Amino acid sequence: MELLPASQEGGVVVVGMNSGDAGELSYANNSDMQRTIAAATRKERQEMAAAVRRGRRHASAIAIADLGCATGPNAMLMAGDAVEAMLGDAERQQEAAPAEFHVFLNDLPSNDFNSVFRQKHEKLVVPSNNSSRCLVSAWPGSFYGRVFPADSLDYVVSSSSLHFLSRAPADAAPNEGRMYVSATSSSRVLDAYRAQFQADFRLFLSCRAEEVRRGGVLLLTFVARREAVPSPHDCHLWDLLAEAAADDRRLVDSFDAPFYGPCPEELREAIREEGSFHVRRMELFEVSRSSCQADLDQLAAQTSSTIRAVVEPMLGPHFGWDAMDALFRRYTHLLHKYYRHNNDQLTNVFLALHKI
């Protein structure tokens, strides 16, 4: 997950997730939902990895990049799935696997890449009976700019990252009592967020168009919504967070989250305008903890911990670090009340884009 140093000056909010490998509030220990989201797309990602290998069967190396890899147990998951699929496909086809897999892990410079490389990931360990090598490297930098050399990538993944914007909308209309788009927000607020997302997404695509070889693929998964107008449920995580922080209304009113879950038409429009990629697949799907977690107390607590691990670094400087424990206790209570009568499903989009 790529997030950008916690400040909000001139509309810019840049954040890093809670760091550390072992702390109970760290992202590494609160990224189970992101793993669930990745698991939901694993079959499709591996099928496309196998197809990329077949299309590059005479290449001596295949380059795989994960944009917004973060830290913790998920950091090498996406790249590992790709390598596993390519090796398995070569074996099934009775063909030689690529001599080398070049795995490029990207996140912001503040990401703890040292902890990532201390991990051992079995899927990036090539079996001893295979002559292929897997070479893993870190490429720090924002994916809203160029990161890799031109025409260097074959297979690019990004999961649970692109819903975070490069900045909060600079010209957002007043959005009193809210931190993000809400079902009760004015159309001007929605328009400002939509414009910021589409500008960011077009920039993301144009940068990847320089880096991905012709015929390469982008596989992107992030929070989305089904309809053009956000529903109350689409916005509930941020609405309840604003309610939890409502003791200081002035601070709530002056905070705009750098986040946006687009609808399919907004995605199609941005892809069409940028013009470098063809949509091979666009699927909306829901993920939920409640299907495997019947305890409402635990569901609310785990959801609150996941959100805290991601957003606390941007909230702390604005609302005060000393206020965080009480804020998230209130948030957990509000989530518990909400989940008594509503599900916890979170809509995501899986996008498979082919470089033209």
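The name an unreviewed UniProt entry assigns to the protein is Jasmonate O-methyltransferase, from the organism Oryza meridionalis.

A. Structural context of the overall build of the protein. When its secondary structure is counted, the protein shows 10 helices and 9 strands. Looking at the protein residue by residue over its 356 residues, the buried ones come to 57%. Carbon and sulfur atoms make up 49% of the accessible area of the protein, which amounts to about 15000 Å² in all.

B. Representation of the side chain of glutamate 211 within the structure. Following the sequence through the fold, glutamate 211 ends up in helix 5 (residues 187-211). Ignoring sequence-local partners within four residues, the contact set of glutamate 211 consists of Gly145, Arg146, Val147, Phe148, Pro149, Ala150, Asp151, Ser152 and Leu153.

C. Geometry of the sheet that holds strand 7 (residues 212-223). Taken in spatial order, the 7 strands of this open sheet run 5-4-3-6-7-9-8, and their pairing is mixed. Only two strands of the sheet have a single neighbouring strand rather than two, namely strand 5 (133-138) and strand 8 (277-287). The sheet shows a mean angle of 15° between the axes of neighbouring strands, taken without regard to direction. Direction of pairing for strand 8 relative to strand 9 (residues 346-355): antiparallel, over a ladder of 10 bridges. Looking across to strand 9, one finds that histidine 278 is bridged to histidine 354.

D. A look at the pattern of salt bridges. Evaluation of the coordinates by the stated rule reveals 28 salt bridges. Aspartate 325 serves as the salt-bridge partner of arginine 308, at 2.6 Å between the closest nitrogen and oxygen. Taken together, the residues arginine 308 in helix 9 (residues 296-319) and aspartate 325 in helix 10 (residues 324-341) connect sequence positions 17 residues apart. Accessibility expressed as a relative area gives 9% for arginine 308, which makes it buried. Residue classification places aspartate 325 among the partly exposed positions, given a relative accessible area of 43%. If you follow the salt bridges from partner to partner, you end up with Arg53, Arg54, Arg57, Asp89, Arg92 and Glu95 in one network.

Scoring rules and cut-offs
- Sequence order sets the numbering: in each chain, residues are counted from 1 along the sequence as written.
- Confidence filtering applies because this is a predicted model: local features only for residues at pLDDT of at least 70, side-chain atom pairs given and counted only at 80 or more, and all residues used for totals across whole chains, interfaces and linings.
- Derived side-chain values reflect all non-hydrogen atoms in the structure, with water molecules and hydrogen atoms excluded from consideration.
- Secondary structure elements are defined from DSSP: runs of H or I of at least 4 residues count as helices, runs of E of at least 2 residues count as strands, and each element is numbered from the N terminus.
- Each residue is placed in one exposure class: buried if its accessible area under a 1.4 Å probe, protein chains only, is under 20% of its type's maximum, exposed if it is over 50%, and partly exposed if it falls in between.
- Where accessible areas are quoted, they stem from the Shrake-Rupley method and a 1.4 Å probe; at the residue level, only the protein chains shown are allowed to cover.
- Note on definitions: a residue-residue contact is assigned when non-hydrogen atoms from the two residues lie within 4.5 Å.
- In this scheme, strands are said to pair when DSSP sees at least two bridges between them.
- Angles shown run from 0 to 180 degrees and are taken between the N-to-C directions of axes, each axis being a line fitted to C-alpha atoms and, for helices, limited to the stretch in contact.
- Here a salt bridge means any side-chain nitrogen of Lys or Arg lying within 4 Å of a carboxyl oxygen belonging to Asp or Glu.

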